[in-house]
Amino acid sequence: MAGTDPVVLITGGGSGMGQLAARQHAERGRTVAVLDVNREGMAQTCADNPRIHSYHVDITDAAAVTEVVHEIETALGPVHSVYNAAAIMPLGKLLDQNTDVIHRLMAINYGGLVNITKAALPAMVARGQGDFVSFASLAGIMPSLYVGAYNATKFAVRAFTEVLYHENRDSGVRFACVCPPVVSTPLLDQGRDTVWPKLFDKVTSLAPEEVLAEIDRCLAQGEFWVYPGKGTRSAVRMRRWFPNLLWKRIHKTEGF
């Protein structure tokens, strides 16, 4: 039997940003549905918290995502908020990375967003309320060496979400596209396990709590672009006005 609490649907809820977001929303009295392929991680997310419910699903499978969203709305109630946090981040030179890895990056980071959008957003728009949050990245604005495949996915997330917002800006649904710099989550481990850019050692990573707090602030203020971190907006302006200077610094840092 569906309940009456606002339902928050979070992809990638088995670790990192998704896991923290699930716990925060549950603490606020909301019913949370987390989606992931990581059963162990979701078990940790749900531990001792009856407000959080786990759903094992591959976000790249559109039919499975549609089915699980229907299951969630039947069991828990209408989805009020969507946080699309599912992502992977293996790094490397584009010519060195396996082709399947590059396609997998796009399938999860961008394709997963498309699938959850098509499955959950139409009903939110029809009800005229809710929050739709896409996790892009500063990497979706500033490309860098060793990060090309991941960059491409986050550029796609930004473009898709921006158009989605403008097509539905009068629907009553609040949209946010989150573009943080490096954040201290397990996602970074995938970079360490493949190729670790020297540039990453020169930046201070944000705590995920900072990112989620800025999302809350921007949603409340009606701001679409979310740029967590003290220097993030300045970095965005630098990319717009001085791209060649940034590339010069990147090449100098990486040594080629």
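Given the structure is predicted, the values throughout are model-derived calculations rather than measurements.

Conventions adopted
- Residues numbered from 1 in each chain as written.
- Predicted model: local features only at pLDDT ≥ 70, side-chain atom pairs only at ≥ 80, totals over all residues.
- Heavy atoms only, no water.
- Buried < 20%, exposed > 50% of the residue type's maximum accessible area, 1.4 Å probe, protein only.
- Helix = DSSP H or I, 4+ residues; strand = E, 2+ residues; numbered from the N terminus.
- Pairing = 2+ DSSP bridges.
- Axes fitted to C-alpha atoms, helices over the stretch in contact; angles between N-to-C directions.
- Parallel < 35°, antiparallel > 145°, perpendicular 65-115°, else oblique.
- Left-handed = near helix turned anticlockwise from the far one by under 90°.
- Contact = heavy atoms within 4.5 Å.
- Nonpolar A, V, L, I, M, F, W, Y, C, P; charged D, E, K, R; others polar.
- Phe/Tyr/Trp six-rings, centres within 6.5 Å; stacked < 30°, edge-to-face > 60°.
- Lys NZ or Arg CZ within 6 Å of the ring centre and 35° of its normal.
- Right-handed = clockwise from strand over helix to strand, strands pointing away.
- Arc of directions from axis to C-beta.
- Polar contact = N/O pair within 3.5 Å; in protein donor to acceptor, adjacent residues only side chain to side chain.
- 1 Å grid on protein atoms, 1.4 Å probe; cavity = no way out; pocket = protein on both sides within 12 Å on 5 of 7 lines; lining within 4 Å.
- Points joined across faces, edges and corners; volume = space filled by probe spheres on them.

S.K.: So what exactly am I meant to see when it comes to the pairing of strand 2 (residues 31-36) here?
M.R.: Regular strands have side chains that alternate between both faces of the sheet. In terms of burial, strand 2 is a largely internal element, six of the six residues being buried. The two faces of strand 2 match: T31, A33 and L35 on one face and V32, V34 and D36 on the other face are all buried. In the sheet, strand 1 (residues 7-11) pairs with strand 2 via five bridges, with the strands oriented parallel. Of the residues in strand 2, the one forming a bridge with I10 is V34.

S.K.: In this structure, what is going on with the packing of helix 1 (residues 16-27) against helix 2 (residues 39-46)? I would like to understand it.
M.R.: Running from amino to carboxyl end, helix 1 crosses helix 2 at an angle of 25 degrees, the nearest separation of the two axes being 9 Å. Overall, the two elements helix 1 and helix 2 adopt an arrangement that is roughly parallel. As for the relative orientation of helix 1 and helix 2, their crossing is right-handed in sense. Between helix 1 and helix 2, the residues in contact are Q19, A22 and R23 and G41, Q44 and T45, respectively. In terms of residue class, the contact of helix 1 with helix 2 is made up of one nonpolar, four polar and one charged.

S.K.: Whenever I open this one, the packing of aromatic side chains confuses me. Can you help?
M.R.: In this description, an aromatic ring pair is defined by two values, namely the gap between the centres and the angle between the planes. All chains considered together, the criterion is met by nine aromatic pairs. With a centroid separation of 4.7 Å and 70 degrees between ring planes, the pair formed by F224 and W225 is classed as edge-to-face. Residue W225 is classed as partly exposed on the basis of its relative accessible area, which comes to 22%. One aromatic cluster is present, formed by F132, Y165, F175, F224, W225 and Y227 through successive ring pairs. Sitting over the ring of F256, K93 keeps its end group 4.5 Å from the ring centre.

S.K.: Would you explain the pairing of strand 5 (residues 131-135) in this entry?
M.R.: With five of its five residues buried, strand 5 lies for the most part within the structure. The two faces of strand 5 match: D131, V133 and F135 on one face and F132 and S134 on the other face are all buried. With four bridges connecting them, strand 4 (residues 79-84) and strand 5 associate as parallel partners. Bridge pairing in strand 5 links V82 to F132. Between strand 4 and its parallel partner strand 5, the chain crosses via helix 4 (residues 99-127), and the hand of that crossover is right-handed.

S.K.: In this structure, what is going on with helix 2? I would like to understand it.
M.R.: Residues three or four positions apart in an α-helix share a direction because the helix packs 3.6 residues into each turn. Of all the positions in helix 2, only G41, M42, T45 and C46 are classed as buried. Projection of helix 2 onto a plane perpendicular to its axis shows the buried side chains occupying an angular sector of 135 degrees, all on one side. Buried-residue contacts for helix 2 involve helix 1, strand 2 and strand 3 (52-56). The N-terminus of helix 2 is capped by N38, whose side-chain oxygen sits 3.3 Å from the backbone nitrogen of E40. Downstream of helix 2 by one or two residues, D48 has phi in the positive range, about 60 degrees.

S.K.: Honestly, empty space enclosed by the protein in this entry has me stumped. Any pointers?
M.R.: A probe matching the size of a water molecule, rolled over the atoms, marks out where space remains unfilled. Summed over all chains, the structure comprises two cavities of 30 Å³ or more. Contributing to the lining of the largest cavity are M142, P143, R239, L246, W247 and I250. Counted by class, the lining of the largest cavity contains five nonpolar, no polar and one charged residues. The computed volume of the second largest cavity comes to approximately 30 Å³. A21, Q24, H25, R28, Y83, L212 and D216 together form the lining of the second largest cavity. For the lining of the second largest cavity, the element with the highest residue contribution is helix 1, accounting for three residues.

S.K.: How should the environment of N115 be read in this particular structure?
M.R.: Topologically, N115 is positioned in helix 4. Residue classification places N115 among the buried positions, given a relative accessible area of 12%. For the pair N115 and F132, spaced 17 residues apart in sequence, the C-alpha separation works out to 13 Å. Apart from residues lying up to four places away in sequence, N115 is in contact with I59, T60, D61, A62 and V65.

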